Amino acid sequence: MPGTTSVSQPSAEPVSETAAPGLGERLKQARLGHGLTLEDAAGVSGLSIAYLSRLENERRQPSLPALLTLARVYSTTVAALLGERAGGEETVIRAKSAEPFHAHGWTYWRAGSPRRGMQALRVRVPPGRATGPARVHPGEEWLHVLKGQLRLTLDGTTHLLAPGDVAHFDSATPHVMESADDHVPVEFLMVHAAPAMVAFTACVPTAPPH
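Owing to the predicted nature of the structure, the values given are computational and were not obtained by experimental measurement.

### Topic: the overall build of the protein chain
Turning to step 1, where the next piece is worked out: Counting its secondary structure elements, the protein chain contains six helices and nine strands.
Turning to step 2, where the next piece is worked out: Counting over 210 residues, the protein chain shows a buried share of 41%.
Turning to step 3, where the next piece is worked out: Of the contacts formed within the protein chain by residues at least 6 apart in sequence, a portion of 66% connects residues at least 24 apart.
Turning to step 4, where the next piece is worked out: A total accessible area of about 11,300 Å² is found for the protein chain, and carbon and sulfur atoms account for 55% of it.

### Topic: the pattern of salt bridges
Turning to step 1, where the next piece is worked out: One pass over the structure, following the stated rule, counts five salt bridges.
Turning to step 2, where the next piece is worked out: In this structure, Arg 151 and Glu 178 form a salt bridge, with 3.4 Å as the shortest nitrogen-oxygen distance. Note that Arg 151 is positioned in strand S5 (residues 150-154) and Glu 178 in strand S8 (residues 175-179), a separation of 27 residues in sequence.
Turning to step 3, where the next piece is worked out: Salt bridges sharing partners connect three or more residues here, namely Arg 122, Arg 124 and Glu 187.

### Re the sheet that holds strand S9 (residues 186-193)
Turning to step 1, where the next piece is worked out: What the six strands build is an open sheet, ordered S1-S2-S3-S9-S4-S7; its pairing is antiparallel. The open sheet has two edge strands, strand S1 (100-103) and strand S7 (166-170), and neither has a second partner. Ignoring which end each strand starts from, the neighbouring axes of this sheet average 25° apart.
Turning to step 2, where the next piece is worked out: Bridge analysis of S1 against strand S2 (residues 106-110) gives four bridges, and the strand direction is antiparallel. If you follow Pro 100 over to S2, its bridge partner there is Trp 109.

The rules behind each value
Position numbers for residues start from 1 in each chain and track the written sequence from start to end. Only residues with pLDDT of at least 70 get local features here, since the model is predicted, and only at 80 or more are side-chain atom pairs given and counted; chain-wide, interface and lining totals rely on the full set of residues. Only hydrogens and water are set aside when side-chain values are computed; all heavy atoms of the structure are taken into account. Think of it this way: any DSSP run of H or I at least four residues long counts as a helix, any run of E at least two long counts as a strand, and we number them from the N terminus. For each residue, the accessible area found with a 1.4 Å probe, counting protein chains only, is set against the maximum for its type, and the residue is called buried under 20%, exposed over 50%, and partly exposed in between. The criterion used for residue contact is that any of the two residues' heavy atoms lie within 4.5 Å. Residue burial considers only the protein chains on display, and all accessible areas are found by Shrake-Rupley using a 1.4 Å probe. Whenever Lys or Arg places a side-chain nitrogen within 4 Å of a carboxyl oxygen from Asp or Glu, that contact is recorded as a salt bridge. Pairs of strands are assigned from DSSP output, requiring at least two bridges between the strands. For helices, the fitted line uses only the C-alpha atoms of the stretch in contact; every axis is such a line through C-alpha atoms, and the angle between N-to-C directions lies from 0 to 180 degrees.

See below:
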């Protein structure tokens, strides 16, 4: 793996009407709340100043890796950046109350509490091949395919995952997730663990076998 990596930045495209309204302003306020200039945020996140500026001016849709990275940098969650109302701890999330949100052509449903260290999402990826570079960001990812077939490319090696299949990998490994069918979307559960949580669990000794 190369010594330096950066979060993939999608090609220029207008924000569609399905993009989370007010996302740019929330990103800006989260940055300012940490006393960061665009230059500071770019240096910490690995995203370019121009890209961050376009996100804040809502002239770009952020990719999921970009949202995960900015949530980590700004000490918040993807759900908060996308405008979900803050509330108390949620143990149970009812299907009827899980509102979808959209970013960079993908659809997401929150599948866990935004106040936890792990961020759980249900994700739907539209049919067709992905565009742009492989995604790279800090942390770990766990995927469980629900519907369709997922084409997961990890560091150049492609894996086809059917419903029920699971993948667990280091997010710093260049990865591409796309539907393996040109006409049918793929839907999966995704859990992302932040770097601090990964470091903590790595230090916990494994229990001896019974």
